[in-house]
Amino acid sequence: MRYWMVNRRGRSIALIGMMGAGKSSVGRCLHRRTGFVLHDTDEIVSANFGMPIPEIFTEHGEEKFREAETGALRHMRTEEQMIIVTGGGIVLRKENVDVLRSQAVIVWLDADEKTLFARASQKRNRPLLQTKHPRKAFSQILGSRRTLYANIADIRIDTSALTDEEVAVAILTKLRRMNCKSESLIGTETS
Ligand code: S3P
């Protein structure tokens with residue numbers, strides 16, 4: 001855990017984690033509570049291609065999506081305080097991790113596998129789960145990524161039993177405890 005980094009430049013907050021972790025919804029809650037600018041790499045990539053993520057995968061392939069994802073991170077304006085919502089595969093490229101590390105406190109939204117899968121399969125917008133055996137695919141992906149998430153995270157939140165708002169509060173509380181100058185942010189909570 002890079003506590004020094006949290007203390008030194010705890011300005012932006014990056015959310016990482018598996019599909020179904022709640023990154024987008026929690027990102028919106030954090031945005032409301034902090035007023036930080038919200039960037040969502042999936043939304044940026046989708047807007048740049050002019051099509052939804054599943055179509056990008058079908059028409060251009062995963063590699064092109066990954067390149068665009070890296071481009072979205074690299075071209076994000078960095079002078080603002082940001083909430084950076086990432087796609088579940090952002091940790092697959094070291095260059096992505098380097099960008100995130102240089103700009104933000106990295107928060108891993110985790111949950112038990114059953115919960116993650118249940119949430120991830122609610123919508124049919126996850127191309128990596130459009131297989132004959134989505135449950136198995138999910139398990140394999142999670143297995144190959146858990147260590148990556150764990151290695152780069154400054155903070156881990158188990159979201160299994162929490163609402164999005166509770167997760168946002170848990171993040172801000174942890175940041176405050178870590179002396180991250182977020183006392184003022186906690187003060188802006190509405191509930
Ligand atoms: C992906 C997760 C998706 C999206 C793409 C690939 C992944 O984002 O970036 O479908 O590799 O885990 P969410 O984590 O928001 O579902």
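All of the points below concern the structure found in this document.

Brief notes about helix α9 (residues 164-177)
- If you check α9, its first and last C-alpha atoms are 20 Å apart, about what 14 residues at 1.5 Å a residue would give, namely 20 Å.
- Among all positions of α9, only Val-167, Ala-168, Ile-171, Leu-172, Thr-173 and Leu-175 are buried.

Overview of the layout of surface pockets
- Here the largest pocket is characterised by a volume of approximately 840 Å³.
- Listing elements by their share of the lining of the largest pocket, those giving two or more residues are α2 (23-34), α3 (41-49), α4 (53-60), α5 (62-74) and α9.
- The leading source of residues in the lining of the largest pocket is α2, at five residues.
- Taken together, the residues of the lining of the largest pocket sort by class into 12 nonpolar, 13 polar and 12 charged.

Regarding the packing of α4 against α5
- Relative orientation of the contacting elements α4 and α5 amounts to 125 degrees, with a least axis distance of 7 Å. Comparing the axis directions of α4 and α5 gives the class oblique. Each of Ile-53, Ile-56, Phe-57 and His-60 in α4 lies in contact with α5, whose residues at this interface are Glu-62, Lys-64 and Phe-65.
- Residue classes in the contact of α4 with α5 are distributed as four nonpolar, one polar and two charged.

Considerations on the pairing of strand β3 (residues 82-85)
- Where burial is concerned, the two faces of β3 agree: the one with Met-82 and Ile-84 and the one with Ile-83 and Val-85 are both buried.
- The sheet contact formed by strand β1 (residues 12-16) and β3 spans three bridges and is parallel. Paired with Leu-15 across the strands is Val-85, a residue of β3.
- Note: strand β2 (residues 37-40) against β3, four bridges, orientation parallel. Each residue of the ladder has a partner; that of Asp-40, found in β3, is Val-85.

Considering the site of the ligand
- The ligand sits among 13 residues. The nearest are Lys-23, Asp-42, Arg-66, Arg-126 and Arg-145.
- Between the ligand and the protein, one listed contact pairs an oxygen atom with a backbone N or O atom of Gly-88 at 2.9 Å.
- For the ligand, an oxygen atom lies 2.7 Å from a polar atom in the side chain of Arg-145.
- Put simply, the ligand lies in the largest pocket.
- Here the residues of the shell around the ligand sort into five nonpolar, three polar and five charged.

Conventions used here
- Residues numbered from 1 in each chain as written.
- Predicted model: local features only at pLDDT ≥ 70, side-chain atom pairs only at ≥ 80, totals over all residues.
- Heavy atoms only, no water.
- Helix = DSSP H or I, 4+ residues; strand = E, 2+ residues; numbered from the N terminus.
- Expected span 1.5 Å × (residues − 1).
- Buried < 20%, exposed > 50% of the residue type's maximum accessible area, 1.4 Å probe, protein only.
- 1 Å grid on protein atoms, 1.4 Å probe; cavity = no way out; pocket = protein on both sides within 12 Å on 5 of 7 lines; lining within 4 Å.
- Points joined across faces, edges and corners; volume = space filled by probe spheres on them.
- Nonpolar A, V, L, I, M, F, W, Y, C, P; charged D, E, K, R; others polar.
- Axes fitted to C-alpha atoms, helices over the stretch in contact; angles between N-to-C directions.
- Parallel < 35°, antiparallel > 145°, perpendicular 65-115°, else oblique.
- Contact = heavy atoms within 4.5 Å.
- Pairing = 2+ DSSP bridges.
- Near = heavy atom within 4 Å.
- Polar contact = N/O pair within 3.5 Å; in protein donor to acceptor, adjacent residues only side chain to side chain.
- Sits in = over half its atoms within 2 Å of the grid points.

Interpretation note: all reported values are geometric properties and have no functional meaning in isolation.
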